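Listed below are the residues making up each chain.
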Amino acid sequence: MKMFPTRKFTAELSENSEIAMAELKRNTDITDTLVSDYTKKEFRGQVNENDFKVISSEIGRGAICVLIGKFEGKTGEIEIRIHKAFKVMFSILMLLPIIGFGIVVITSGIEKSYGIILPMIMGILFIRFVFMELSFRFVSKTGITKLKRIIGITTLKKNEAQQCI
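Residues numbered from 1 in each chain as written. Predicted model: local features only at pLDDT ≥ 70, side-chain atom pairs only at ≥ 80, totals over all residues. Heavy atoms only, no water.

In an α-helix, one turn spans 3.6 residues, which is why side chains three or four residues apart end up on the same side. Spanning 35 residues, helix H3 (residues 117-151) covers 49 Å between terminal C-alpha atoms, matching the ideal 51 Å at 1.5 Å per step. Along its length, H3 reaches its greatest deviation from straightness, about 25°, at Glu 133. Two residues or fewer after H3 comes Gly 152, characterised by a positive phi angle close to 75°. (Helix = DSSP H or I, 4+ residues; strand = E, 2+ residues; numbered from the N terminus. Expected span 1.5 Å × (residues − 1). Bend = angle between axes of the 7 residues up to and from the residue.)

Structural data, given as structure tokens:
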């Protein structure tokens, strides 16, 4: 099990990658930083001739997932991963139950702290599988739907190695 979820896809475009990247560039607020901001465009980030690194322009939740893609001709690969700032935030959230357990051990002693171990583990698992996984799934789904519409992806397949995880 990975600490932070990722998804990898193989995509096939309806047009050539140059046309698709030009369309993505037209719908992207070009910036060096992947930070949410108010814009009328669908994405924010960097778009080059054959590759891109963008986030959704939705304020608040759009920056959770970073979409990274590289295309050659009509085929390419897209990877969706959690933004580095959100990795830090989720890591801090997962450390809070451990810190709480440490405080209980220091104040009450190890013998009286055994009852806290199960809630601590459940708290960590809840943060990982509810907060991180659900937010990643929802935001990545909306981001990939926007990307499919804008650059004209005809087929999108999960990579085989990704399905086993």
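The subject of this paragraph is the pattern of salt bridges. Following the criterion strictly, the structure yields eight salt bridges and no others. Two residues, Arg 44 and Asp 29, come together in a salt bridge whose shortest N-O distance is 3.5 Å. Here the residue Arg 44 occupies a position in strand E3 (residues 43-47), and Asp 29 occupies one in strand E2 (residues 28-30), the gap between them amounting to 15 residues. Judged by relative accessible area, Asp 29 falls into the partly exposed class, the value being 25%. One connected set of salt bridges, linked through shared partners, spans Glu 42, Glu 58, Lys 146 and Arg 149. (Salt bridge = Lys/Arg side-chain N within 4 Å of Asp/Glu carboxyl O. Buried < 20%, exposed > 50% of the residue type's maximum accessible area, 1.4 Å probe, protein only.)

With that settled, the discussion passes to the sheet that holds E2. Strand order in the open sheet formed by seven strands is E2-E3-E4-E5-E6-E1-E7, with mixed pairing between adjacent strands. Strand pairing shows two members of the sheet lacking a second neighbour, E2 and strand E7 (153-158), which therefore form its edges. Direction aside, neighbouring strands of the sheet carry axes that sit 30° apart on average. Bridge count between strand E4 (residues 51-56) and strand E5 (residues 65-72): four bridges; the pairing is antiparallel. Counterpart to Asp 51 in the pairing with E5 is Lys 70. (Pairing = 2+ DSSP bridges. Axes fitted to C-alpha atoms, helices over the stretch in contact; angles between N-to-C directions.)

For the rest of this paragraph, the subject is a nonpolar patch on the surface. On the surface, Val 88, Ile 92, Leu 95, Leu 96, Ile 98, Ile 99 and Ile 103 cluster together into a nonpolar patch covering about 640 Å² of accessible area. Given a relative accessible area of 46%, Leu 96 falls into the partly exposed group. (Patch = residues over 30% accessible without salt bridge, like charges linked within 9 Å, V, L, I, M, F, W, Y side chains within 5 Å. Areas by Shrake-Rupley, 256 points an atom, 1.4 Å probe, with all protein chains shown as cover.)

Moving on: the nonpolar core. Core analysis: the largest hydrophobic core is formed by 34 residues, its most contacted members being Leu 24, Phe 52, Phe 71, Ile 78, Ile 80, Leu 147 and Ile 151. Only strand E1 (6-13), helix H1 (17-26), E3, E4, E5, strand E6 (75-82), helix H2 (84-108) and H3 provide two or more residues apiece to this core. At eight residues, the largest contribution of residues to this core is made by H3. (Core = buried A, V, L, I, M, F, W, Y, C linked by side-chain atoms within 4.5 Å.)

Glancing now at the packing of H2 against H3. At a minimum axis distance of 9 Å, the contact between H2 and H3 shows a crossing angle of 170°. One finds that H2 runs roughly antiparallel with respect to H3. Contacts from Phe 90, Leu 93, Met 94, Pro 97, Ile 98 and Phe 101 in H2 reach Ile 117, Met 120, Gly 123, Ile 124, Ile 127, Arg 128, Phe 131, Met 132 and Ser 135 in H3. For the contact of H2 with H3, the residue count by class is twelve nonpolar, two polar and one charged. (Parallel < 35°, antiparallel > 145°, perpendicular 65-115°, else oblique. Contact = heavy atoms within 4.5 Å. Nonpolar A, V, L, I, M, F, W, Y, C, P; charged D, E, K, R; others polar.)

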